[in-house]
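Examination of the molecular architecture
If you want the building blocks of each chain, they are given just below.
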Amino acid sequence: MTTQQSVGITAPAQLERWDERFYCHEDVYIRPGMTATYLANQGRQRSWSEGLNNTLVGIFGQLRPVGNAWPRAVNLWETSWRRKVGALHEQFGPNEGPKPANDKVLDFWWRLSAGHRSGGWDRLMLPGPGSLSLADLQKGPPLHAVIQQVVRLRMGAKKDYLAWFGESVPRALAGNAWRPMMWLDPLHGQNAIVYYGAENWDHVSELGRVLPVPDAAWQARAESCALQAWNTSEFLQRK
Amino acid sequence: MTSTDNESWVVWELMGSTDGRTRGAMTALLGTTAASAAYQGWDLTLKLSSVGSDGHWPHVMGLWRVPDDATLGATLAHGWDDGVDENGFTWGKSKLYKKLHGDLRAGHTAYLFEYLVADTPSALAALKTPDLVFAETLAPWQGVAVWSAADLFKLTEREWQGIGAAGAPGIREATGWWAVLTPDRDIV
């Protein structure tokens with residue numbers, strides 16, 4: 001049974017949606033002193049059945065000078081609805097569903113990582129209008145220094161906020177050391193998650209000086225975090 | 001205390017536990033951090049123990065002054081391996097600020113510390129009654145207001161006279177708590 005058949009979708013326009021970009025944010029509570037150990041153990045791809053692998057855009061460690069809930073790590077996966085739902089079905093679906101060929105690989109990783117982290121929180125997300133893809137990021141300079149903002153918004157304001165972000169932030173940062181990377185829309189919530197990147201940490205205050213301020217009517221409340229990208233992050237790789 | 005455009009201020013919060021990560025022990029950790037290589041140039045201007053913090057106890061705070069972007073950038077470049085003993089607290093958080101106006105008062109030991117969310121950066125900047133106001137570097141419509149007194153008795157009298165940013169024009173959220181300069185003896 002394919003994922004499309006399972007929900008009875010047949011319209012061609014809807015079938016195309018299965019291949020649209022889709023993201024997963026994983027916020028990870030790290031055990032004391034285990035940030036580097038956790039990051040080193042995290043692969044760039046998880047081992048699901050062929051065709052269902054999700055790509056690890058970035059894996060990051062929280063830096064202490066700016067951010068919430070340290071020690072902390074962040075994983076950002078890029079995928080499609082088809083791949084993500086397929087992988088979730090393999091991991092969490094009913095017992096009679098398809099079994100991944102490599103359960104043992106996942107089990108081994110899970111046991112090893114259990115000593116590195118204690119839990120976390122995840123969000124499934126859509127790209128905001130104009131949000132860059134992994135392929136887009138790989139065309140630019142490697143952005144090792146990343147600022148993440150989790151922006152809580154008034155109910156109903158998220159769509160306008162993300163449209164504004166895609167329109168105004170790239171323009172405001174044109175020519176700046178900092179670049180907008182992704183602006184993402186978690187399903188079923190009032191938060192947006194946005195990322196800015198620079199090649200190094202030399203100009204953090206400059207980012208604050210040039211960022212436009214969101215409309216007061218959206219009642220934005222931002223949590224800002226400084227994240228260092230781990231070197232195996234896919235968005236840092238150049239072919 | 002003088003202010004420059006280049007300087008930053010950083011507020012740390014450390015969340016402890018009753019099995020040894022006391023306010024006193026976490027304050028000692030702040031002092032150790034201030035002397036470490038990764039935080040060279042950072043000035044730990046206040047070491048506070050919270051009374052009634054929002055969400056966790058034991059709870060301490062550190063207010064750091066960072067003289068310029070180069071010093072901040074050098075610390076960030078150390079990565080997560082900055083020499084801080086993460087067994088010394090259960091979790092921590094930090095926010096990066098620019099000073100809008102005001103100063104710390106010499107000799108004061110008791111504080112009302114408020115996190116604020118304003119409608120706009122200008123609404124935050126218009127807040128003149130606190131002793132000290134900061135705006136978040138990366139979200140300048142959010143900030144901190146600090147009110148202080150010589151001791152908790154004097155702070156109580158300020159409370160009766162009316163302090164706190166709640167209700168000020170354009171202030172959407174104000175969440176605060178009392179804090180005292182952590183004494184040298186270990187306190188839980």
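See the structure printed just above.
These figures come from a predicted structure and were not determined experimentally. (Residues numbered from 1 in each chain as written. Chains lettered and ligands numbered in written order. Predicted model: local features only at pLDDT ≥ 70, side-chain atom pairs only at ≥ 80, totals over all residues. Heavy atoms only, no water.)

On inspection of all chains with the given rule, the structure shows 25 aromatic pairs over all chains. Seen from their ring centres, Tyr161(A) and Trp218(A) are 6.1 Å apart, and the 85° between their planes marks the pair as edge-to-face. Taken together, the residues span a long stretch of sequence, with Tyr161(A) in helix H7 (residues 158–172) and Trp218(A) in the loop between helix H8 (204–210) and strand E9 (221–229) at a distance of 57 residues. Among the aromatic side chains, those forming a connected cluster through ring pairs are Trp70(A), Trp12(B), Tyr39(B), Trp42(B), Trp64(B) and Phe89(B). Seen from the ring of Trp110(A), Arg117(A) lies directly overhead, with NZ or CZ sitting 4.5 Å from the centre. Sitting over the ring of Tyr115(B), Lys95(B) keeps its end group 5.8 Å from the ring centre. (Phe/Tyr/Trp six-rings, centres within 6.5 Å; stacked < 30°, edge-to-face > 60°. Helix = DSSP H or I, 4+ residues; strand = E, 2+ residues; numbered from the N terminus. Lys NZ or Arg CZ within 6 Å of the ring centre and 35° of its normal.)

Under the criterion given, the structure shown has five cavities of 30 Å³ or more. Counted as a void, the largest cavity has a volume near 90 Å³. Around the largest cavity, the lining residues are Gln149(A), Val151(A), Tyr161(A), Trp164(A), Val169(A), Tyr196(A), Leu211(A), Pro212(A), Pro214(A), Ala222(A), Leu138(B) and Trp141(B). At the level of elements, strand E6 (145–152) and H7 of chain A are the ones that each hand at least two residues to the lining of the largest cavity. Here the element with the most residues in the lining of the largest cavity is H7(A); it accounts for three residues. (1 Å grid on protein atoms, 1.4 Å probe; cavity = no way out; pocket = protein on both sides within 12 Å on 5 of 7 lines; lining within 4 Å. Points joined across faces, edges and corners; volume = space filled by probe spheres on them.)

What follows is about the pattern of salt bridges. The full count for this structure, using the stated rule, is 19 salt bridges over all chains. Put simply, Glu167(A) and Arg171(A) hold a salt bridge, and the shortest N to O gap is 3.2 Å. With a gap of four residues between them, Glu167(A) and Arg171(A) both fall in helix H7, about one helical turn apart. Residue Glu167(A) is classed as exposed on the basis of its relative accessible area of 51%. Its salt-bridge partner being Glu223(A), residue Lys95(B) comes within 3.3 Å of it at the nearest N-O pair. Placement of Lys95(B) in strand E4 (residues 91–102) and of Glu223(A) in strand E9 is noted, with the two residues assigned to different chains. Look at Lys95(B) and you get buried, because its relative accessible area is 12%. (Salt bridge = Lys/Arg side-chain N within 4 Å of Asp/Glu carboxyl O. Buried < 20%, exposed > 50% of the residue type's maximum accessible area, 1.4 Å probe, protein only.)

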